[in-house]
Amino acid sequence: MANHKATKKDVRQAAKRRDRNRYYGKTTRNAIRDLKATTEKKAVDEAMPNVISMIDKLAKRGVIHKNKAANLKSKLAKRANTLATA
């Protein structure tokens, strides 16, 4: 265990950040899962901007890599476009 005041504080902050990042990551994954499960074009079009915003925020905070965020958004957009033609 840490013995210095600053190190103890850093441990507390890291735990707080870890919990926050896990919450935001899980919430975003659930939103992506729900978006993928939706088959109606109108519902997908309404939910898409919110999910993309969540993904961008994760990348900005460093929870996920920016390329992973781009890949997720690309796959979701591709899926949404196939609903339009189907």
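Residues numbered from 1 in each chain as written. Predicted model: local features only at pLDDT ≥ 70, side-chain atom pairs only at ≥ 80, totals over all residues. Heavy atoms only, no water.

Another aspect to go through is the nonpolar core. Nonpolar side chains in soluble globular proteins generally cluster together in the buried interior. One finds Ala31, Ile32, Leu35, Val44, Met48, Val51, Ile55, Leu58, Ile64, Ala69, Leu76 and Ala80 forming the largest nonpolar core, which totals twelve residues. When residues of this core are traced back to their parent elements, those giving at least two are helix H1 (5–37), helix H2 (41–61) and helix H3 (66–85). No other element matches H2, which puts five residues into this core. Not counting chain neighbours up to four residues away, the residues in contact with Ala69 comprise Ile55, Ala59 and Ile64. (Core = buried A, V, L, I, M, F, W, Y, C linked by side-chain atoms within 4.5 Å. Buried < 20%, exposed > 50% of the residue type's maximum accessible area, 1.4 Å probe, protein only. Helix = DSSP H or I, 4+ residues; strand = E, 2+ residues; numbered from the N terminus. Contact = heavy atoms within 4.5 Å.)

A complete count under the given rule lists three salt bridges for this structure. The salt bridge partner of Arg33 is Asp34, with a shortest N-O separation of 3.5 Å. In this structure, Lys41 and Asp45 form a salt bridge, with 3.2 Å as the shortest nitrogen-oxygen distance. Linking Lys41 with Asp45, this pair stays in helix H2, spanning four residues, or about one helical turn. For Lys41, a relative accessible area of 29% gives the class partly exposed. Residue classification places Asp45 among the partly exposed residues on the basis of a relative accessible area of 41%. (Salt bridge = Lys/Arg side-chain N within 4 Å of Asp/Glu carboxyl O.)

Attention now moves to the packing of aromatic side chains. Scanning the entire structure with this criterion turns up one aromatic pair. Of note, Arg61 hangs over the ring of Tyr24, and the distance from its end group to the ring centre comes to 4.4 Å. (Phe/Tyr/Trp six-rings, centres within 6.5 Å; stacked < 30°, edge-to-face > 60°. Lys NZ or Arg CZ within 6 Å of the ring centre and 35° of its normal.)

Next up on the list: H2. With 21 residues, H2 ought to run about 30 Å at 1.5 Å a step, and its terminal C-alpha atoms sit 30 Å apart, in line with that. Remark: the principal bend of H2, roughly 35 degrees, maps to Ala47, with a proline, Pro49, within the next four residues. Among all positions of H2, only Val44, Met48, Val51, Ile55 and Leu58 are buried. In the stretch just after H2, Gly62 is the one whose phi turns positive, near 90 degrees. (Expected span 1.5 Å × (residues − 1). Bend = angle between axes of the 7 residues up to and from the residue.)

The next point concerns the confidence of the model for the protein. The share of residues in the protein with pLDDT of 70 or more is 95%, and the mean pLDDT across the chain is 94. Element-level pLDDT for the protein is lowest in H3, with a mean of 92, against a maximum mean of 96 in H1. (pLDDT = per-residue confidence, 0-100.)

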